[in-house]
Amino acid sequence: MVMLYVILNIAIMLILLAVLFFMQKKFVSFTKRVFTALGLGIVFGLMLQLFYDSDSYIITETASWFNLIGSGYVKLLQMIVMPLVSISILSAFTKLKLTSNIGKISVLILGILIGTTAISAGVGITSASIFNLEAIQIDQGTAETVRGDELVSKYSDLEATGIPEQVLELIPTNPFLDLTGARPTSTISVVIFSAFLGVAYLGIQRKQAEHAEFFVKMIDSIYAIVMRVVTLILRLTPYGVLAIMTKTVATSDIDSIIKLGKFVLASYVALITVFLIHLLLLSLSGLNPLKYVKKSFPVLTFAFTSRTSAGSLPLNIETQKSLGVPEGIANFAGSFGISIGQNGCAGIYPAMLATMIAPTVGIDPLSPSFIVTLILVVAISSFGVAGVGGGATFAALLVLSSMNLPIALAGLLISIEPLIDMGRTALNVSGSMTAGVLTSKLTGELNRDQYRDESLTIDVEQK
């Protein structure tokens, strides 16, 4: 009888997938299909919550089948991330228009990413203070205790290395190993290695033009093939969003969410505030923020449901291009943004945790010295945070240890971690795209007509 319910749930999912496929055949826009998938996923997930317990065998078994679509889609995106990061950076160097501007563009992108992360830390501190969040307010059950012990064990490996050693970890000693994503800092290591190749190309271009020309043709060919693979994967986005959202809603611990509602609310107030700051920055630069919201909706939706900044990179770059950002700058902003200055995971989250935990060791979280130190530590620690699941935890460990705060208490929010992480990831991606748009505007390379043209949204069907 139990398997009959599982089969019924799978059948309903197949019907919903067929609806999305029908919409695709009717040439319904990509954005509308993603929005539809999000809505269907929420409704279907709530229905499953209504009829079954979130931890029941039926839900567990159903979710494992849904994973074939949802997690399978995310894995396909993660498969292409490292090749895309590497070839995107190299392609940016080979664009003649950028060769005299590489340094300025890199500094602007990094400055905006780190600057908005520092602002995010301030917002996180403010939100935690306004809602009067303290770690002692949370009951520490078995799951929280186990998670805390895991974090302490994980930190023991980090504790043995100081800040200089951690910086050295960013430098690739084996770029081929980093291309596999084997280390937490693999993404930024690939960026560094690719940047060295790009600088070498610029030198060869001046001295041996014929070799440089051959290199450009090779990079352009590889880039075209990689982007074609990206396009094929992106066409699956609505189906992936539907499966991921259904599973997320169906397996959420509603009781824990209600119990820790104040912490969830405070987190999303902070996340929304920083997103509004992104829109404010665009407005101050003379750009219409509503155009940005409309065009960025598909990638923010995917980032929200999938909880992977790195997996969102292909959509991130395509969205920036639809906003009038030159391909080279979009590649830089997207690649840097998945490993440096993540506003949600490396900015808001560690700052809120530190503010909540500080009173447990007798520290006033509202003292000016604590706030200034925390913001600086958050900004510095934001380098090299992995753009995949666990990146926020890695950032939190670095910040809490630097502030001499107890690591184990970072496990107190484990029951609502997935829900908060969804918003954090979407904000990470928005911060990356904002950096690309603002950099293009400041360097005078933004195509404003393309930015304003609402018809120029992501359209993977035409590629």
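Throughout this description, residue numbers start from 1 for each chain and increase along the sequence as written. Local features are withheld for residues below a pLDDT of 70 in this predicted model, meaning they are given only at 70 or higher, and side-chain atom pairs are given and counted only at 80 or more; totals for whole chains, interfaces and linings count all residues. Just so you know, side-chain values use all the structure's heavy atoms and leave hydrogens and water out.

- Per an unreviewed UniProt entry, the chain carries the name L-cystine uptake protein TcyP and comes from Peribacillus faecalis.
- Quoted verbatim from the Subcellular location (unreviewed entry) field of UniProt, the annotation for the chain is "Membrane".
- UniProt positions are given in the numbering used here, feature names are shortened, and annotations may be inferred rather than shown by experiment. If you open the UniProt record of the chain and go to Sequence similarities (unreviewed entry), you find "Belongs to the dicarboxylate/amino acid:cation symporter (DAACS) (TC 2.A.23) family."

### Details of the overall build of the chain
Okay, step 1: In this description a helix means any DSSP run of H or I spanning at least four residues, a strand means any run of E spanning at least two, and both kinds are numbered starting from the N terminus. A tally of regular secondary structure across the chain gives 20 helices and zero strands.
Okay, step 2: Partly exposed describes any residue whose relative accessible area lies between the buried limit of under 20% and the exposed limit of over 50%, with all areas from a 1.4 Å probe on protein chains only and scaled to the type maximum. The buried share of the chain, reckoned over its 463 residues, is 53%.
Okay, step 3: By the convention used here, residues are in contact when the closest approach between their heavy atoms is within 4.5 Å. Long-range pairs, those at least 24 residues apart, make up 84% of the contacts in the chain with a sequence separation of at least 6.
Okay, step 4: Here the chain displays about 19600 Å² of accessible surface, and carbon together with sulfur accounts for 68% of that area. Areas reported here follow the Shrake-Rupley algorithm with a probe of radius 1.4 Å; residue values treat only the protein chains shown as occluding.

### What to know about the packing of helix H8 (residues 186-207) against helix H9 (residues 209-234)
Okay, step 1: Between the N-to-C directions of two axes lies an angle of 0 to 180 degrees, each axis being a line fitted to C-alpha atoms and, for a helix, fitted only over the stretch in contact. Taken N-terminus to C-terminus, the directions of H8 and H9 make an angle of 135°; their axes are 6 Å apart at the nearest point. If you check the angle between H8 and H9, you find them oblique. Judged by residue contacts, Tyr201, Ile204, Gln205 and Lys207 of H8 engage Ala209, His211, Ala212, Phe215 and Val216 from H9.
Okay, step 2: Of the residues in the contact of H8 with H9, the class split is six nonpolar, two polar and one charged. Here roughly perpendicular refers to angles of 65 to 115 degrees, roughly parallel to angles under 35, roughly antiparallel to angles over 145, and oblique to all remaining angles. Each residue receives one of three labels: charged for Asp, Glu, Lys and Arg, nonpolar for Ala, Val, Leu, Ile, Met, Phe, Trp, Tyr, Cys and Pro, and polar for the others, Gly being one of them.

### Details of the packing of helix H16 (residues 343-357) against helix H19 (residues 417-442)
Okay, step 1: Put simply, H16 and H19 touch, their axes get as near as 7 Å, and they point 120° apart. Compared by their axis directions, H16 and H19 come out oblique. Contacts between H16 and H19 involve Asn343, Gly344, Cys345, Ile348 and Tyr349 on the former and, on the latter, Glu417, Asp421, Arg424, Leu427, Asn428 and Gly431.
Okay, step 2: Residues belonging to the contact of H16 with H19 are distributed by class as follows: four nonpolar, four polar and three charged.

### Here we look at unusual backbone geometry
A negative phi angle is the norm for most residues apart from glycine, just as the trans form is the norm for most peptide bonds.
Okay, step 1: Positive phi, normally seen in glycine, also occurs at Phe27, with a value near 60°.
Okay, step 2: Structurally, Phe27 is set in the loop between helix H1 (2-25) and helix H2 (30-51).
Okay, step 3: With phi around 55°, Asn404 is a residue other than glycine that occupies positive phi space.
Okay, step 4: Assignment of secondary structure puts Asn404 in the loop between helix H18 (391-402) and H19.

### Looking at the nonpolar core
Note on soluble globular proteins: their nonpolar side chains tend to be buried together.
Okay, step 1: Within this scheme, the nonpolar core is defined by two criteria: the residues are buried Ala, Val, Leu, Ile, Met, Phe, Trp, Tyr or Cys, and they are joined through side-chain atoms within 4.5 Å. Counting residues in each nonpolar core, the largest one holds 101 residues, and the members touching the most others are Ile109, Leu282, Phe332 and Val437.
Okay, step 2: Not counting chain neighbours up to four residues away, the residues in contact with Phe332 comprise Ile89, Ala92, Phe93, Ile102, Ser106 and Ile109.
Okay, step 3: Membership of the second largest hydrophobic core comes to 17 residues, among which are Ala354, Ile357, Leu397 and Val399.

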